[in-house]
Amino acid sequence: MSAGLAGVAAPAASAATPLRVQILMYDGVEEQDFIAPVEVLGLAGKLTGGAVVSSLVGLRPGPVRCTYGTVVEVPRAWSPGEADVLVVPGGGYTDRNGPGVHRLNADQGFLRRLAASRALPVGICTGTMVLSAAGLTKGRNATTHNGAKADLAAQGAKVIDARVVDDGDLITGGGITAGLEVSLWLVERFLGAKAAQRAEVVLEYERRGTVWRS
């Protein structure tokens, strides 16, 4: 698939034209927030013969220390032109002076690149607040972790109490474990319901909550 899914009804992904997903890593990222898409999308790619390709990216290559001390070596920097979908996990929202989303939100250069990207933005948990800082949720239907919903509303989003909110060219999910639902919804939206159901069977996981669509 080519970049630039925003506002466009994307064709179904296939091994010939795979959905390219980048998962953004940064110091303070919540382990569960990023590992759910790694697991679900990696499995979906395997089950479909490569119809989805996911990779970890950072602001720069190198090690990232997650919320609970897990260190992950990130091989490459985010390249907006090489992604159809950018997943932004959350982390560190309650510590405004520590590592996490607040440091991302203070990086104006990154926010400008994020706002200009044609990749489909996907926020998981407080990763939605990064999208908000880039101006991507203002006036839009979105959700985030319960602890950040008031802030999201104050920044101009129309907060929806749903596990996953698909507003067309913006997808957001609730807190922490909602990354599973968000990732399975991405599989269903771009690879079809059968692919998502097959992934659920292998994972032995049943999706819960609401997928709200505009």
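Keep in mind that this is a model prediction, so the values were computed, not measured.

Asker: How should the environment of Arg208 be read in this particular structure?
Answerer: Relative to the helices and strands, Arg208 is located in the loop between α7 (193-203) and β12 (211-213). For Arg208, a relative accessible area of 48% translates into the label partly exposed. Residues Arg208 and Arg163, spaced 45 residues apart in sequence, show a C-alpha to C-alpha distance of 7.7 Å.

Asker: Help me understand the pattern of salt bridges, please; the structure alone is not making it clear to me.
Answerer: Think of it this way: side chains of opposite charge can pair up when their charged atoms draw near. Going through the model one piece at a time under the given rule, you end up with ten salt bridges. With a closest N to O distance of 2.3 Å, Arg76 and Glu82 form a salt bridge. Residue Glu82 is classed as partly exposed on the basis of its relative accessible area, which comes to 41%. When the shortest N-O distance is used, the salt bridge between Arg96 and Asp151 registers 3.8 Å. Remark: Asp151 occurs in helix α5 (residues 149-154) and Arg96 occurs in the loop between β6 (85-88) and α2 (101-105); sequence separation between them is 55 residues. Of the residues examined, Asp151 reaches a relative accessible area of 27% and is grouped as partly exposed. What you see here is one network of salt bridges that share partners, running through Arg140, Asp167 and Asp169.

Asker: How should the sheet that holds strand β5 (residues 76-77) be read in this particular structure?
Answerer: Taken in spatial order, the eight strands line up as β5-β2-β1-β6-β7-β11-β10-β12 in an open sheet, and their pairing is mixed. Here the strands that pair on one side only, and so sit at the sheet edges, are β5 and β12. Relative to β6, strand β1 (residues 19-25) runs parallel, the two sharing three bridges. Of the residues in β6, the one forming a bridge with Val21 is Val85.

Quick notes on the rules
- Residues numbered from 1 in each chain as written.
- Predicted model: local features only at pLDDT ≥ 70, side-chain atom pairs only at ≥ 80, totals over all residues.
- Heavy atoms only, no water.
- Helix = DSSP H or I, 4+ residues; strand = E, 2+ residues; numbered from the N terminus.
- Buried < 20%, exposed > 50% of the residue type's maximum accessible area, 1.4 Å probe, protein only.
- Salt bridge = Lys/Arg side-chain N within 4 Å of Asp/Glu carboxyl O.
- Pairing = 2+ DSSP bridges.

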